[in-house]
Amino acid sequence: MAAAGENGNGGTGAAGTANVPPVPELPEVPTVDLSLPERIASFKQELLAYLGELVPPGEPPWDIATFEGYGRGLVATRDIAVNELVFVDRPVLVGPRVNNYEVIFCASCCSILRRLQLCTGGCRLPICSRCDYSVGASSPHAAECALIQSWQPKDAGRYSKNILYALTSIRGFLLSERDRSIVLQMEGHPPRKEMTTEIERLLKDGYFWNLDGEGPAVRYLRQVVNILNTNAFETSRIVADEENNQHEIILRGLYILGALMNHCCRPNVRYVFDGELRMRVHASRPIKKGEQIMNNYSKILWGSQHRIIHLCFSKNFLCCCDRCKDPTEFGTYLGALKCVRESCPEGRLLPVNPLKISSVWRCDRCSLKMDNIKASKIQEIASRMIMNNAIKREASHIIDYLNDHIVKFLLPTNQFTVELKLQAIKKIQSDRPLVELREKEKYCLEILDILQRLNYGECFVKGVLCYELFVTRVTIAQLLNESEIATETSNLDQLRTAWQILKPSGNRPRDLQQLVVTYGIE
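In this report, we go over the structure that sits alongside the text. Every chain begins its residue count from 1, and numbering advances along the sequence as written. Residues qualify for local features only when their pLDDT is at least 70, as the model is predicted, and side-chain atom pairs are given and counted only at 80 or more; totals for whole chains, interfaces and linings, by contrast, use all residues. Think of the side-chain values as coming from all heavy atoms in the structure, minus any hydrogens and water.

Quick look at the overall build of the chain
To keep things clear, this is the line we draw: For the purposes of this entry, the term helix denotes a DSSP run of H or I that reaches at least four residues, the term strand denotes a run of E that reaches at least two, and both are numbered from the N terminus. Radius of gyration here uses only the C-alpha atoms, and the compact-globule reference equals 2.2 Å multiplied by the residue count raised to the power 0.38. Residues are treated as being in contact if the distance between any of their heavy atoms lies within 4.5 Å. In this description, accessible areas are obtained by the Shrake-Rupley approach with a 1.4 Å probe, and a residue is regarded as covered only by the protein chains that are shown. Two residue types count as positive, namely Lys and Arg, and two as negative, namely Asp and Glu; His and chain ends fall outside the count. Where a charge sits is defined by one atom per residue type, namely NZ (Lys), CZ (Arg), CG (Asp) or CD (Glu).
If you tally the helices and strands in the chain, you get 18 helices and 14 strands. Here the C-alpha atoms of the chain give a radius of gyration of 25 Å, agreeing with the 24 Å that 2.2 N^0.38 yields for 522 residues. For the C-alpha atoms alone, the extent of the chain along its principal axes is close to 75 × 55 × 50 Å. Nonlocal contacts in the chain, meaning residues at least 24 apart in sequence, comprise 65% of its contacts between residues at least 6 apart. Counting only carbon and sulfur atoms, one obtains 49% of the accessible surface of the chain, whose full area is about 25000 Å². Taken as two groups, the 63 positive and 60 negative side-chain charges of the chain have centres that lie 4 Å from each other.

What follows is the structure, encoded as structure tokens:
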């Protein structure tokens, strides 16, 4: 390992071939209103040039427009049928997320490392031998390593998770002029006062000798961080270790076209990422010409209060869609609480004004009122109990907990109950006893019913649940020696739906395609 003083100063390092990317010149204050029609038209042309062959010949079924209360967004230029491909996008920036990882992987190609192996360039990142700085300019890591070297990292012989966390933002220096222009035209909300971003952490803890906290490089990094935090999507790579065990490496990617979709708690599209990390967006419900193409920025099975808080703190807006306005959330009661009065076992506590976090809650049977502080405390306790009884517990424990304990203080469709059921679905595999498989079948049907009430259409979660329901019923049929259960039309429809939704995903179940062939779906 070379010391920082040996190759951390001039950016040439061991390989001596990579050039340090120049710091972009940025305007202090935007001089053009990005919502102006001529500016939107120019931005769209830049975006189309970036996407290239990913956009089919002819006019795409989307356009960029401005919407009152939303700003820029995507609009359908014609009627779009359910399951139709709306667009394909690719990440202009992609890299590690700001979070802990359970495995050690190459910061460049994401291959699993058996042991910590640092880059010989002194950038303090874990790098495999194929991507190491010593390979030379052909290494995909060379340019970013040279840039980090130019900042003269301290303790160059030690791994730094905080530099890894900042790597996606650092890669903003490697963008072409056109791609940088596209990125800088995206909205970027500044961090909350109590939030320490990955760049501020590097500055606060003094990771570099030669990175001016008030210089142009840091100003640019802060802008990229804000844009990423406002617009980035969670994506992932599936990689195998030497024993051929598969690992999912969670990443974050900036998908410009995807980020232009505005939010609705009842979206009309779903998206998956294929094996090349391209985002493939399909209509989950029919979309009429002139209608906004809407995504969901939150978790679809969260209750309204949780979604509102999440959107307020992470996306800086309050949602006022039809679902958020309805205290019952179209009869799903995802956010409702069980009445605390023993004399009212069927009562459901609901916020009187669901759009206000401070709203009073009232029982729909006995009219008991509860302030939002107590309601929030109940939800906090429920969340903690779910974490303690789901993440590291066996499926049998989760089932017992749902049947014997949860029913006493949570409604069967409350978001925390649903989360436990999802955990059970994930953990109950085909080798489990029949009684557990029956519970899994029931949980799948219950959550599919919730999705139907929400009118979520052909969404991604539905695809996963249909797959799990199909394979569970096949296993049950085998255990009961009743093969007709597996081949019933209604069960084959579950497989057909799962394939329709999950087929483009690079992270679809490994046996899904074989099941489709075996049962003659395609």
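Here the narrative resumes, following the displayed structure.
A short note on a nonpolar patch on the surface
Worth spelling out the cut-off: A patch is a set of surface residues, each over 30% in relative accessible area and not in a salt bridge, joined within 9 Å for like charges and within 5 Å for the nonpolar side chains Val, Leu, Ile, Met, Phe, Trp and Tyr. Take a side-chain nitrogen of Lys or Arg and a carboxyl oxygen of Asp or Glu: if they are within 4 Å of each other, that pair is a salt bridge.
A surface patch of nonpolar side chains, amounting to about 230 Å² of accessible area, comprises Ile-104, Leu-116 and Tyr-159. Inspection of the secondary structure assignment puts Ile-104 in the loop between strand E4 (93-96) and helix H3 (142-150).

Focus: the pairing of strand E5 (residues 233-240)
To be explicit about the condition: At least two DSSP bridges between two strands are required for those strands to pair.
Inspection of the sheet shows E5 paired to strand E6 (residues 246-254) by eight bridges, in the antiparallel sense. Note on E6: the bridge partner recorded for Thr-235 is Leu-251. Count of turn residues in the E5/E6 antiparallel hairpin: five residues, of which Asn-244 carries a positive phi of about 65°.

Quick word on the packing of aromatic side chains
Here is the rule: Only centres within 6.5 Å qualify two rings of Phe, Tyr or Trp (six-membered ring in Trp) as a pair; their planes then separate them into stacked at under 30 degrees, edge-to-face at over 60, and tilted for everything else. Here the term buried applies to any residue with accessible area under 20% of the maximum for its type, exposed to any over 50%, and partly exposed to those in between, with areas from a 1.4 Å probe on protein chains only.
Scanning the model with the defined rule gives ten aromatic pairs in all. Residues Trp-151 and Phe-173 carry aromatic rings whose centres are separated by 5.8 Å and whose planes lie at 70° to one another, so their mutual orientation is edge-to-face. Residue Trp-151 is found in the loop between H3 and helix H4 (161-170), and its partner Phe-173 is found in the loop between H4 and helix H5 (177-184); the two are separated by 22 residues along the sequence. An identical accessibility class is assigned to Trp-151 and Phe-173; each is buried. Aromatic side chains Tyr-271 and Phe-273 sit 5.6 Å apart centroid to centroid with 70° between the ring planes, which places their arrangement in the edge-to-face category. Grouped by ring-pair contacts, the aromatic residues Trp-151, Phe-173, Phe-208 and Tyr-220 constitute a single cluster.

A few points about the nonpolar core
In plain terms, the rule: Think of a nonpolar core as a cluster: buried Ala, Val, Leu, Ile, Met, Phe, Trp, Tyr and Cys residues, connected wherever their side-chain atoms sit within 4.5 Å.
The biggest cluster of nonpolar side chains holds 78 residues, and the ones touching the most others in it are Leu-74, Phe-87, Leu-125, Ile-256 and Ile-293. Sort the elements by how many residues they give to this core and helix H7 (residues 216-231) lands first, with eight residues. Once residues lying within four places of it in the same chain are set aside, the contact partners of Leu-125 are Ala-107, Gln-117, Leu-118, Cys-119, His-141, Ile-148, Ser-160, Ile-163, Leu-164 and Leu-167. Tyr-401, Leu-410, Leu-492 and Leu-512 belong to the second largest nonpolar core, which has 59 residues in total.

With respect to the side chain of Ser-236
Worth spelling out the cut-off: Think of a polar contact as two N or O atoms within 3.5 Å of one another; within protein, one of them needs to be a possible hydrogen donor and the other a possible acceptor, and neighboring residues in sequence only count if both atoms come from side chains.
Summarising the element assignment, Ser-236 is placed in strand E5. Look at Ser-236 and you get buried, because its relative accessible area is 16%. In this structure the side chain of Ser-236 is engaged in a polar contact, spanning 2.9 Å, whose partner is the side chain of Glu-248. Ser-236 has contacts with Glu-248, Ile-249, Ile-250, Leu-251, Leu-277 and Asn-507, leaving out every residue within four places of it along the chain.

Some remarks on the environment of Trp-499
Position of Trp-499 relative to the elements: it lies in helix H17 (residues 489-502). Between the C-alpha atoms of Trp-499 and Lys-369, which are 130 residues apart in sequence, the distance is 46 Å. Other than its neighbours up to four places away in sequence, Trp-499 contacts Arg-508, Leu-512, Gln-513, Val-516 and Glu-522.

Considering the packing of helix H11 (residues 372-390) against helix H13 (residues 415-427)
As a reminder of what qualifies: Only the contacting stretch of a helix is used when fitting its axis, a line to C-alpha atoms as for every element, and angles between N-to-C directions run 0 to 180 degrees. In this scheme, roughly parallel covers angles under 35 degrees and roughly antiparallel covers those over 145, while 65 to 115 is roughly perpendicular and the rest are oblique.
Between H11 and H13, the least distance of the axes is 10 Å, while the angle of their chain directions is 10°. For the element pair H11 / H13, the angle class is roughly parallel. On the side of H11, the interface is formed by Gln-379, Ala-382, Ser-383, Ile-386, Asn-389 and Ala-390, while H13 contributes Phe-416, Glu-419, Leu-420, Gln-423 and Lys-427.

Details of the sheet that holds E5
With respect to topology, three strands assemble into an open sheet ordered E4-E6-E5, the strand pairing being antiparallel. Only two strands of the sheet have a single neighbouring strand rather than two, namely E4 and E5. When strand polarity is set aside, the average angle formed by the axes of neighbouring strands in this sheet is 35°. Inspection of the sheet shows E4 paired to E6 by four bridges, in the antiparallel sense. Bridge assignment links Leu-93 to a residue of E6, and that residue is Leu-254. Along the sheet, H4 makes contact with E4 and E6, crossing E4 at roughly 180°.

Quick look at H7
Test applied: To estimate how far a helix should extend, the number of its residues minus one is multiplied by 1.5 Å.
In a regular helix each residue adds 1.5 Å, so 16 residues correspond to 22 Å; H7 covers 23 Å between its end C-alpha atoms and thus fits that length. When H7 is considered as a whole, its buried residues turn out to be Ala-217, Val-218, Tyr-220, Leu-221, Val-224, Val-225, Asn-226, Ile-227, Leu-228, Thr-230 and Asn-231.

What to know about the pattern of salt bridges
Counted under the stated rule, the structure contains 26 salt bridges. For Arg-78, the salt bridge is made with Glu-84, and the minimal N-O distance between the two is 2.7 Å. With a relative accessible area of 23%, Glu-84 lands in the partly exposed category. In this structure, Arg-278 and Asp-274 form a salt bridge, with 2.8 Å as the shortest nitrogen-oxygen distance. Judged by its relative accessible area of 9%, Asp-274 is buried.

With respect to the side chain of Arg-323
Structurally, Arg-323 is set in helix H10 (residues 322-325). Here Ile-300 takes part through its backbone oxygen, which lies 2.9 Å from a polar atom of the side chain of Arg-323. In this structure the side chain of Arg-323 is engaged in a polar contact, spanning 2.9 Å, whose partner is the side chain of Glu-329. Excluding its chain neighbours within four sequence positions, the residues that come into contact with Arg-323 are Cys-265, Arg-266, Ile-300, Trp-302, Ser-304, Arg-307, Glu-329, Phe-330, Leu-334, Leu-454 and Tyr-456.

Read these as spatial facts, not as claims about activity.
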